[in-house]
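# Structural overview
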Amino acid sequence: MLALKRSDISRGIRRFANMAADLVLPPTCPGCGKAVGDSDSLCARCWSSVRFIEPPLCAVYGTPFTHDLGEGIVSAEAMADPPPFRRARSAAVYGDVARRLVHQLKYHDRPYMAEAMATSMRRAGRSLLEEASLIVPVPLYRWRLWERRFNQAAALAASLSRQSGLPTDPLALERVKPTRRQVGLSAAQRQENVRGAFRVPETMRPGIAGSNVLLVDDVYTSGATVKAATRALLRGGAGAVDVLTFARVIP
Ligand SMILES: [Zn+2]
């Protein structure tokens, strides 16, 4: 079952709004872009449409169950297709508002939005953060980073690091293969697209060795990207990998 928890996101949004108020006038809703009376939050309509992911969840994939079957229960997907990571968690279902928040973070030079999004991720990933020793963002390929100047996953990782006190290293993993956008690709094509795309650089291996890595990205779509990144981290010496994203596509 999915339920709304407004308190956490409102804290984050308020923080975001205070910073935004200095930069943008008049204040606009980060969800829909409409002018809002004060700079305090998402507009009411956007509020009610963000679907935060709540227990009961698959213990592995973090996908919501419609019925509470008890602690530690895993989904049919987790049994049929066990992932290389231990657990994945996400703050919100990738619906209209979550999609716009991600888009704004990614393309509109609003890096301060990462703080609000990280607040909701911290709540969804509480037990993952408790066991993590290092936060690593999913990297972009060099030219894409140059083109966009901003890696949204690294921004979320930096905010999570500030809020949790855990270290983050945006260079612990590198993307060594330019990949096509995953949109419109089949599951098999997605897997092929990201095969061998990531690597832990030699110089980063001592820092990774034996560590519990929390891998961070903005959206979990098919899981192909974070699975490929997880395999690279494990090959690079990580002891275990958990995955935390802001949003998740729920088919
Ligand atoms: Zn709105």
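Above this note sits the structure.
In this report, the structure presented in the accompanying data block is examined.

A few words now on the overall build of the chain. Check the secondary structure of the chain and you find eleven helices and six strands. Burial status across the chain gives 51% buried among its 251 residues. When the accessible area of the chain is evaluated, it comes to approximately 12,200 Å², of which 53% is carbon and sulfur surface.

Turning to the environment of Leu185, a few remarks are in order. Examined against the element boundaries, Leu185 turns out to sit in the loop between β3 (174-175) and α9 (187-194). A residue is classified by how much of its surface remains accessible, and Leu185, at 10% relative accessible area, is buried. With 37 residues separating them along the chain, Leu185 and Ser222 place their C-alpha atoms 10.0 Å apart. Those residues in contact with Leu185 that lie beyond four places of it in its chain are Arg180, Arg190 and Asn193.

What follows concerns the sheet that holds strand β1 (residues 88-93). On the basis of which strands lie adjacent, the open sheet formed by four strands has the order β1-β6-β5-β2 and parallel pairing. Each having just a single partner strand, β1 and β2 (134-137) make up the two edges of the open sheet. The mean angle between the axes of side-by-side strands here comes to 20 degrees, regardless of whether they run parallel or antiparallel. Sheet topology places β1 next to strand β6 (residues 240-248); five bridges connect them, and they run parallel.

All right, on to the layout of surface pockets then. Of the voids in this model, the largest pocket is the one considered here, and its volume is about 770 Å³. As for the largest pocket, its lining consists of 31 residues, and the residues nearest its centre are Lys106, Arg181, Gln182, Asp218 and Thr221. Among the elements of the structure, α4 (96-107), α7 (142-148), β5 (212-220) and α11 (224-235) are those that each provide at least two residues to the lining of the largest pocket. At five residues, α4 tops the list of elements feeding residues into the lining of the largest pocket. A breakdown of the residues in the lining of the largest pocket according to their chemical character gives twelve nonpolar, nine polar and ten charged. What lines the second largest pocket is a set of 18 residues, and nearest its centre among them are Pro55, Pro56, Leu57, Glu71 and Arg89.

Another aspect to go through is the pattern of salt bridges. Tallied over the full model, the rule gives twelve salt bridges. Among the ionic pairs, Asp242 bridges to Arg86, the shortest N-O distance being 2.9 Å. One end of the pair, Asp242, is in strand β6; the other, Arg86, is in the loop between α3 (76-80) and β1, with 156 residues separating them in the sequence. Exposure remark for Arg86: the relative accessible area of 34% places this residue in the partly exposed category. A salt bridge links Arg205 to Glu202; the nearest nitrogen and oxygen atoms lie 3.8 Å apart.

Before going further, it helps to examine the packing of aromatic side chains. Under the counting rule described, the total for this entry stands at two aromatic pairs. On the basis of an interplanar angle of 90 degrees and a centroid distance of 5.9 Å, the ring pair of Tyr61 and Phe85 is categorised as edge-to-face. You can see Tyr61 sitting in the loop between α2 (44-49) and α3 and its partner Phe85 sitting in the loop between α3 and β1, a full 24 residues away along the chain. In this pair, the class of Tyr61 matches that of Phe85, namely buried. A ring pair is formed by Phe85 and Tyr220, whose centres lie 6.4 Å apart and whose planes are at 80 degrees; its orientation type is edge-to-face. Linking Phe85 in the loop between α3 and β1 with Tyr220 in strand β5, this pair joins segments that are 135 residues apart in sequence. In textbook terms, an aromatic cluster arises when at least three aromatic residues are bridged by ring pairs, as seen for Tyr61, Phe85 and Tyr220. Over the face of the ring belonging to Tyr220 we find Arg248, whose NZ or CZ atom lies 3.8 Å from the ring centre.

How each quantity is defined
Residues numbered from 1 in each chain as written. Predicted model: local features only at pLDDT ≥ 70, side-chain atom pairs only at ≥ 80, totals over all residues. Heavy atoms only, no water. Helix = DSSP H or I, 4+ residues; strand = E, 2+ residues; numbered from the N terminus. Buried < 20%, exposed > 50% of the residue type's maximum accessible area, 1.4 Å probe, protein only. Areas by Shrake-Rupley, 256 points an atom, 1.4 Å probe, with all protein chains shown as cover. Contact = heavy atoms within 4.5 Å. Pairing = 2+ DSSP bridges. Axes fitted to C-alpha atoms, helices over the stretch in contact; angles between N-to-C directions. 1 Å grid on protein atoms, 1.4 Å probe; cavity = no way out; pocket = protein on both sides within 12 Å on 5 of 7 lines; lining within 4 Å. Points joined across faces, edges and corners; volume = space filled by probe spheres on them. Nonpolar A, V, L, I, M, F, W, Y, C, P; charged D, E, K, R; others polar. Salt bridge = Lys/Arg side-chain N within 4 Å of Asp/Glu carboxyl O. Phe/Tyr/Trp six-rings, centres within 6.5 Å; stacked < 30°, edge-to-face > 60°. Lys NZ or Arg CZ within 6 Å of the ring centre and 35° of its normal.

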